[in-house]
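What follows is each chain in one-letter form.
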Amino acid sequence: MASTSAPHFPSGKPRVVVTRHLMPNVEARMRELYDAVLNESDTPMSREELCAAMRDCDVLVPTVTDRIDAEMIDSCGDRLALIANFGAGTEHIDLEAAAKRRIIVTNTPGVFTDDTADIAMAMILGVPRRIREGTQLVRRGEWTGWAPSGLLGRKIGGKVLGIVGMGRIGQAVAHRAKAFGLDIAYFARKPLPEAAERMFGARFIANLDDLVSETDILTLHCPLTEETRGMIDARRIGLMKAGASVINTARGELIDHEALIEALHEGRLAGAGLDVYPDEPNVDRRLLDHPNVMTLPHIGSATAEGREASGEKVIANIRFWADGHRPPDQVLTGLI
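The structure presented is a predicted model; accordingly, all values stated were derived computationally and were not measured.

(A) Structural detail: the domain arrangement of the protein. Once the domains are mapped, the protein shows domain 1 (15–110 + 303–323) and domain 2 (112–295). Put simply, the middle of domain 1 and the middle of domain 2, counted by C-alpha atoms, are 32 Å apart. Listed per partner, the contact involves 12 residues of domain 1 and seven residues of domain 2. Both faces combined, the contact of domain 1 with domain 2 buries some 720 Å², and carbon together with sulfur accounts for 51% of it. One can count one salt bridge joining domain 1 with domain 2. Joining domain 1 to domain 2, the criterion identifies four residue pairs in polar contact (both at pLDDT 80 or more). Here the side of domain 1 that touches domain 2 is composed, by residue class, of three nonpolar, six polar and three charged.

What follows is the structure, given as structure tokens:
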């Protein structure tokens, strides 16, 4: 790791503000190592509270629920030197504004890969088999017993699974999907090495429109950028097969939800599996009312093991920085 001069802290320890309640072991370790200010109530901080915290700490530990824009960064004063994000995604942080102020940003990649892939796979199986609808039927006491034509879904084996984004999570989904006999196609910025494609039984499709038009189940595993925002819009949804399904465990803004809702209620799409939404925690009532939309509360990464590992990465990034070394998970923008 590249080394620079270690920062100086008047109290001997960096002041670290953590915006949400983390795992107990992680918080206990932070108390030992740092002058830590913890959010034990787990109430999301307001913009004003975030701004005040940024002016009064050396390190901010935010999560995906914290929007940190250029104006906030520009007004945070000279003390804040590190934003050690809890989670892999950093689209909620203005990275260019941070780089201009020489504020280092880190994240916690890799720790949620399997957890998120598991949730995606649950919905890839659950939507075609109408799991939500069946569960609600039983819970309402309306199930009248087995019938030859009752609650018919669609087979999984032999169907085309289209994966948008073939990074860690996309590949983990492909690994799982292969075992269920799905025909795997994917769209990404560049194809995987041939050996990886053979291992997953996956084929690269260079045009997203072509991928969308031939898939039975479309699952999204790409970051949110200006290019990907709204990428699954009315036009692309119109290209999908009748009876296809959409799965999203990445970011809610990847899908035009008005177009998705229209296609679902017109019956052009059979269902959807959603773990993320454009305006969390608000979920459109029309999605909740649709019988074959699995609506999960952003739990793709919600395992005790994953959250513990993410907290440990945050601590490691802070320790490297406080010792004058480049943090192992520094997010690079090209401006630093």
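Now that the structure has been shown, the text picks up again.
(B) Quick look at the nonpolar core. Val164, Leu218, Leu260, Leu269 and Leu274 are the most contacted members of the largest nonpolar core, which has 30 residues in total. Of all the secondary-structure elements, those providing two or more residues to this core are helix H9 (208–214), strand E9 (217–220), strand E10 (244–248), helix H11 (257–265) and strand E11 (269–274). The biggest single contributor to this core is H11, with five residues. If near-sequence neighbours (up to four positions away) are discounted, leucine 269 is found in contact with Ile237, Met240, Lys241, Gly243, Ala244, Val246, Leu260, Ala263 and Leu264. One finds Leu182, Ala188, Phe200 and Ile247 within the second-largest nonpolar core, a separate group that totals 27 residues.

(C) Main features of a nonpolar patch on the surface. A cluster of nonpolar side chains, namely Val138, Trp143 and Trp146, defines an oily patch on the protein surface of about 450 Å² accessible area. Looking at the secondary structure, you find tryptophan 143 in the loop between helix H6 (131–139) and strand E6 (160–164). You can call tryptophan 143 exposed: its relative accessible area is 53%.

(D) Looking closely at the UniProt feature "domain: D-isomer specific 2-hydroxyacid dehydrogenase NAD-binding" (unreviewed entry) in the protein. The UniProt record marks residues 121–300 with the feature "domain: D-isomer specific 2-hydroxyacid dehydrogenase NAD-binding" (unreviewed entry), using the residue numbering of this structure. Segment residues 121–300 splits into 34% helix and 17% strand. End C-alpha atoms: 11 Å apart.

(E) Region of the structure containing the UniProt feature "domain: D-isomer specific 2-hydroxyacid dehydrogenase catalytic" (unreviewed entry) in the protein. Residues given the UniProt feature "domain: D-isomer specific 2-hydroxyacid dehydrogenase catalytic" (unreviewed entry) here are residues 16–331. Taken end to end, residues 16–331 comprises 37% helix and 15% strand; its first and last C-alpha atoms sit 19 Å apart.

Parameters and conventions
- Residues numbered from 1 in each chain as written.
- Predicted model: local features only at pLDDT ≥ 70, side-chain atom pairs only at ≥ 80, totals over all residues.
- Heavy atoms only, no water.
- Domains from an automatic or database assignment.
- Contact = heavy atoms within 4.5 Å.
- Buried area = accessible area lost by both parts, 1.4 Å probe.
- Salt bridge = Lys/Arg side-chain N within 4 Å of Asp/Glu carboxyl O.
- Polar contact = N/O pair within 3.5 Å; in protein donor to acceptor, adjacent residues only side chain to side chain.
- Nonpolar A, V, L, I, M, F, W, Y, C, P; charged D, E, K, R; others polar.
- Core = buried A, V, L, I, M, F, W, Y, C linked by side-chain atoms within 4.5 Å.
- Buried < 20%, exposed > 50% of the residue type's maximum accessible area, 1.4 Å probe, protein only.
- Helix = DSSP H or I, 4+ residues; strand = E, 2+ residues; numbered from the N terminus.
- Patch = residues over 30% accessible without salt bridge, like charges linked within 9 Å, V, L, I, M, F, W, Y side chains within 5 Å.
- Areas by Shrake-Rupley, 256 points an atom, 1.4 Å probe, with all protein chains shown as cover.
- UniProt positions renumbered as here; feature names shortened; annotations may be inferred.

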